[in-house]
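# Analysis of the macromolecular model
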Amino acid sequence: MIRTLRGRPISSGCGQGEALVTKDPISFLGSVDPATGMVVEQEHELEGKCVSNKVLVFPTGKGSTVSSYVMYQLKKNGTAPAAVINRSAEPIVVVGAIISDIPMVDSTEPDAITTIKTGDMVRVDGTRGVVQIL
Amino acid sequence: MHLTREEEAILNGESGPTLQKAMEIITALGDIYKADSLVPIKSAQIAGVSYKTIGDAGLEWISDLEGKVVVPSILNPAGMDLERWREMGIDEEFAARQTRIIEAYRQLGVRCECTCTPYYIDPALASYGDHLAWSESSAVSYANSVIGARTNREGGPSALAAALIGKTANYGYHLDEKRVPVITVHVDCHVSGADFGALGYLIGAQVGADVPMFRLRSRPNDLELKALGAAMAASGAVALYHVEGVTPESDSYQAPAETITIERSQIDEVFEKNCPEEVDLIALGCPHYSAEELEAAANLLEGVTMNKEVWICTSRQVRDKNPDAVHRIEASGARVFVDTCMVVSPATERFGCVLTDSGKALKYIPGMCGVGAGLASTRDCLKGGDID
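Basis of the calculations
Residues numbered from 1 in each chain as written. Chains lettered and ligands numbered in written order. Predicted model: local features only at pLDDT ≥ 70, side-chain atom pairs only at ≥ 80, totals over all residues. Heavy atoms only, no water. Domains from an automatic or database assignment. Buried area = accessible area lost by both parts, 1.4 Å probe. Polar contact = N/O pair within 3.5 Å; in protein donor to acceptor, adjacent residues only side chain to side chain. Helix = DSSP H or I, 4+ residues; strand = E, 2+ residues; numbered from the N terminus. Pairing = 2+ DSSP bridges. Buried < 20%, exposed > 50% of the residue type's maximum accessible area, 1.4 Å probe, protein only. 1 Å grid on protein atoms, 1.4 Å probe; cavity = no way out; pocket = protein on both sides within 12 Å on 5 of 7 lines; lining within 4 Å. Points joined across faces, edges and corners; volume = space filled by probe spheres on them. Nonpolar A, V, L, I, M, F, W, Y, C, P; charged D, E, K, R; others polar. Contact = heavy atoms within 4.5 Å. Salt bridge = Lys/Arg side-chain N within 4 Å of Asp/Glu carboxyl O.

### Quick look at the domain arrangement of chain B
Size of an interface, as often reported, equals the accessible area lost when the parts are brought together. All names here are of chain B. Per the domain assignment, the segments making up chain B are domain 1 (5-176), domain 2 (180-271) and domain 3 (273-383). Between domain 1 and domain 2, the C-alpha centre-to-centre distance is 27 Å. Buried surface at the junction of domain 1 and domain 2, summed over both partners, amounts to about 1400 Å²; 55% is from carbon and sulfur atoms. At the surface where domain 1 touches domain 2, the tally comes to four residue pairs in polar contact (both at pLDDT 80 or more). No other element matches the nine residues that helix α7 (residues 137-147) contributes to the side of domain 1 that touches domain 2.

### Regarding the sheet that holds strand β4 (residues 111-114) of chain B
All names here are of chain B. Judged by pairing direction, the sheet is parallel, and its four strands sit side by side in the order β4-β3-β2-β5 without closing on themselves. Whereas interior strands pair on both sides, the edge strands pair on one side only; in this sheet they are β4 and β5 (133-134). In the sheet, strand β2 (residues 44-46) pairs with β5 via two bridges, with the strands oriented parallel. Considered in β5, the bridge of A44 is made with A133.

### Overview of unusual backbone geometry
Of all residues except glycine, most have a negative phi; of all peptide bonds, most are trans. For the peptide bond that leads from E109 of chain A to P110 of chain A, omega is -5 degrees, which places it in the cis range. Relative to the helices and strands, P110 of chain A is located in the loop between β5 (104-109) and α3 (112-115). Note that the residue after C286 of chain B, namely P287 of chain B, is joined by a cis bond; omega there is -10 degrees. The topology assignment puts P287 of chain B in strand β11 (residues 281-289). Within the chain, E43 of chain A stands out as a residue other than glycine whose phi angle is a positive 75 degrees. Residue placement: E43 of chain A occurs in the loop between β2 (14-21) and β3 (55-58). Overall, E43 of chain A belongs to the exposed group, its relative accessible area being 76%.

### Thoughts on the layout of surface pockets
In this model, the largest pocket occupies a volume close to 1400 Å³. What lines the largest pocket is a set of 48 residues, and nearest its centre among them are T65 of chain A together with S135, R153, E154 and G155 of chain B. Of all the elements in the fold, those that place two or more residues in the lining of the largest pocket are α1 (67-77) and α2 (91-99) of chain A together with α3 (51-64), α7, α8 (156-165), β11 and α15 (359-369) of chain B. A breakdown of the residues in the lining of the largest pocket according to their chemical character gives 25 nonpolar, 16 polar and seven charged. Approximately 400 Å³ is the volume attributed to the second largest pocket.

### Here's the deal with the interface of chain A and chain B
Taken together, the contact pairs 16 residues of chain A with 20 residues of chain B. If you look at where chain A meets chain B, you find three salt bridges. At the surface where chain A touches chain B, the tally comes to four residue pairs in polar contact (both at pLDDT 80 or more). Taken together, the residues of the side of chain A that touches chain B sort by class into 11 nonpolar, two polar and three charged.

### Let's talk about the environment of L74 of chain A
Residue and element names in this part refer to chain A. Mapping L74 onto the fold places it in helix α1. For the pair L74 and M104, spaced 30 residues apart in sequence, the C-alpha separation works out to 15 Å. Once you skip the residues sitting within four places of it in the chain, L74 turns out to touch F28, V32, D33, P34, G37, T79 and A80.

Structural data, given as structure tokens:
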């Protein structure tokens with residue numbers, strides 16, 4: 001059965017992939033290797049996991065504004081997430097998703113972080129703000 | 001958020017992909033911060049220039065953009081003096097990439113004057129009541145507080161997006177209600193010169209992103225206000241402050257009841273705690289020095305030979321308009337570098353400890369350069385750090 005979560009459209013386009021869910025905020029600068037898409041931040045819940053082609057579900061961004069550009073670099077390298085879902089979007093990840101053509105939705109009802117499980121197949125429509133667990 | 005038919009068309013891609021992306025950035029931020037509409041801007045000041053801070057990721061993004069800015073737009077400091085980078089100790093590879101960043105901005109029609117004090121080089125960029133999209137935190141503070149213009153602390157991409165569209169989302173410091181002071185800072189002593197950097201360093205950490213109203217015994221000049229705002233924007237996220245009887249909007253507000261009182265001993269303590277035993281670089285000009293500050297430094301260096309490395313950072317325009325002061329400064333062995341500063345240049349990283357007259361540089365140098373930092377008055381800095 002398909003389960004639907006409705007949220008706020010942030011960055012347009014559709015993306016689909018396996019979910020990678022964390023309760024930790026993400027700073028792309030210094031935390032994600034743009035060449036491989038691997039999370040390299042020590043002690044991060046996703047340390048050692050790869051964000052590439054995943055639907056990346058995390059509460060919000062943190063840290064340097066340069067993270068926006070790192071998301072763009074991931075996209076150019078083919079290592080970007082397929083889509084991003086945040087509990088509460090902040091400007092760094094929002095700008096990063098938009099300039100990188102990564103679909104993004106936030107503030108879903110019900111809450112994405114507690115509803116979506118790592119490994120679920122998820123489809124994100126960033127234009128309409130709709131998330132589906134397939 | 002209400003968009004005009006024309007804005008809607010840009011968002012739908014009718015003016016091409018670069019403007020579509022720019023409009024998406026502006027409207028997405030507008031939605032997050034609950035803006036009601038877009039507002040035309042007078043100018044943009046774009047951060048994200050130093051190769052040290054934006055790296056290959058930023059270089060790629062800026063290089064891929066197409067189009068031209070539609071309002072006067074100017075850059076933040078780069079990672080090196082664009083001409084004298086070898087003297088700073090910058091390597092060839094860094095210089096090549098930094099040059100590519102500047103050229104990419106030039107292609108977009110951005111004025112490639114790299115400074116955190118755009119208000120010194122073109123007063124037309126910001127006047128009282130103008131809406132702006134500026135990003136460098138001290139320039140934002142000066143524009144809002146001293147000039148009475150209106151800008152949020154934009155990120156590099158959002159300032160560039162606003163420059164391409166000529167508008168930004170109408171929220172935050174663009175609105176009257178966000179400009180009201182919420183806390184009074186009562187300074188119970190005489191303060192002057194570098195004291196303002198120390199004061200800002202203390203207050204920024206206490207008030208965070210709030211709007212403070214200062215009640216001072218002495219009347220600060222614009223240079224002291226520049227230092228105060230820069231330090232508060234670094235140790236906190238203050239984008240706007242008022243000084244009773246001094247700054248242009250201060251008469252519109254009552255001093256808020258909640259009050260912080262600062263005494264002389266607290267300011268002295270900032271200097272005492274940040275008084276390093278040994279320094280190997282003296283770096284002044286954060287924010288970039290004005291003509292008056294260059295002249296004052298030249299007078300302090302008259303007949304002196306500096307035996308330490310001394311950098312004085314300013315904008316290219318201020319340097320070029322003040323050849324006599326620059327000549328006198330450089331006769332002492334000190335150097336006047338332009339387009340850059342000690343915070344955003346990797347050249348600072350080879351030193352052990354920097355002495356500065358700036359509360360902002362004091363806050364940023366340890367984290368951004370991995371180097372120790374001390375604070376002293378301009379005079380004491382140029383005495384070579386002999387500040388007993």
